[in-house]
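# Close look at the chain arrangement
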Amino acid sequence: MRAPEISEIEELRNLLRGNAIKRIVLKKDSECSVGYIEYRDRVFEILFSRGDFADVYIAKILYRPSEYISCEYLVYNPYGLFVFSKDLRELAEKIVAKLEHAYRYSERISGEV
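One structure accompanies this document, and this report is about it. Computed from a predicted structure; not experimentally measured.

## Looking at the overall build of the protein chain
A tally of helices and strands in the protein chain yields three helices and five strands. Each helix and strand of the protein chain, ordered N terminal to C terminal, gives the series α-β-β-β-β-α-β-α. What you see for the protein chain is a C-alpha radius of gyration of 13 Å, in line with the 13 Å of a compact globule of 113 residues. Once the C-alpha set of the protein chain is aligned to its principal axes, its extents read approximately 40 × 30 × 20 Å. With 113 residues in all, the protein chain has 46% of them scored as buried.

Structure follows, in structure tokens:
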């Protein structure tokens with residue numbers, strides 16, 4: 001994985017605004033951008049990166065909070081949903097779809113349904 005450019009991070013933020021997303025915070029790391037995304041009333045962890053061998057964008061949504069947030073930890077954490085796309089607009093749409101799945105799952109495991 002390699003870190004996305006600052007312009008790509010900003011474009012993804014702009015594409016994700018709205019769609020029941022209240023806030024998104026991304027911090028650029030050496031291999032990716034990591035942060036938090038607030039969807040409806042829940043906060044999820046997010047990883048955003050570029051592929052090494054293929055020209056694709058990669059995102060991972062984690063629905064279980066971790067003790068610390070880093071590229072390596074989020075990639076290997078088993079509690080998450082990956083998204084792949086060659087286009088940022090499509091990536092944003094897929095992220096919102098995965099957030100909805102993660103939201104529904106988090107409701108079930110918290111006993112609110």
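## Overview of the packing of aromatic side chains
Per the counting criterion, the structure on display carries five aromatic pairs. Here Tyr39 and Tyr103 contribute two aromatic rings whose centre-to-centre distance is 6.0 Å and whose plane-to-plane angle is 80°, an arrangement assigned as edge-to-face. Placement of Tyr39 in strand S2 (residues 33-39) and of Tyr103 in helix H3 (residues 88-110) is noted, with a sequence separation of 64 residues between them. On the accessibility criterion, Tyr39 (4% relative accessible area) is buried. We classify Tyr103 as buried; its relative accessible area is 8%. Judged by centre distance (6.5 Å) and plane angle (70°), the rings of Tyr63 and Tyr79 are edge-to-face. Note that Tyr63 is positioned in the loop between strand S4 (57-62) and helix H2 (71-76) and Tyr79 in the loop between H2 and strand S5 (80-85), a separation of 16 residues in sequence. Assessed through its relative accessible area of 19%, Tyr63 is described here as buried. Aromatic ring contacts, followed pair by pair, group Tyr63, Tyr79 and Tyr105 into a single cluster. When the ring centre of Tyr103 is taken as origin, the NZ or CZ atom of Arg40, which lies over that ring, is 4.8 Å away.

Thresholds, definitions, all that
- Residues numbered from 1 in each chain as written.
- Predicted model: local features only at pLDDT ≥ 70, side-chain atom pairs only at ≥ 80, totals over all residues.
- Heavy atoms only, no water.
- Helix = DSSP H or I, 4+ residues; strand = E, 2+ residues; numbered from the N terminus.
- Rg over C-alpha atoms; globule rule 2.2 N^0.38 Å.
- Buried < 20%, exposed > 50% of the residue type's maximum accessible area, 1.4 Å probe, protein only.
- Phe/Tyr/Trp six-rings, centres within 6.5 Å; stacked < 30°, edge-to-face > 60°.
- Lys NZ or Arg CZ within 6 Å of the ring centre and 35° of its normal.

So, to be careful, I would describe these as geometric facts and stop short of saying anything about function.
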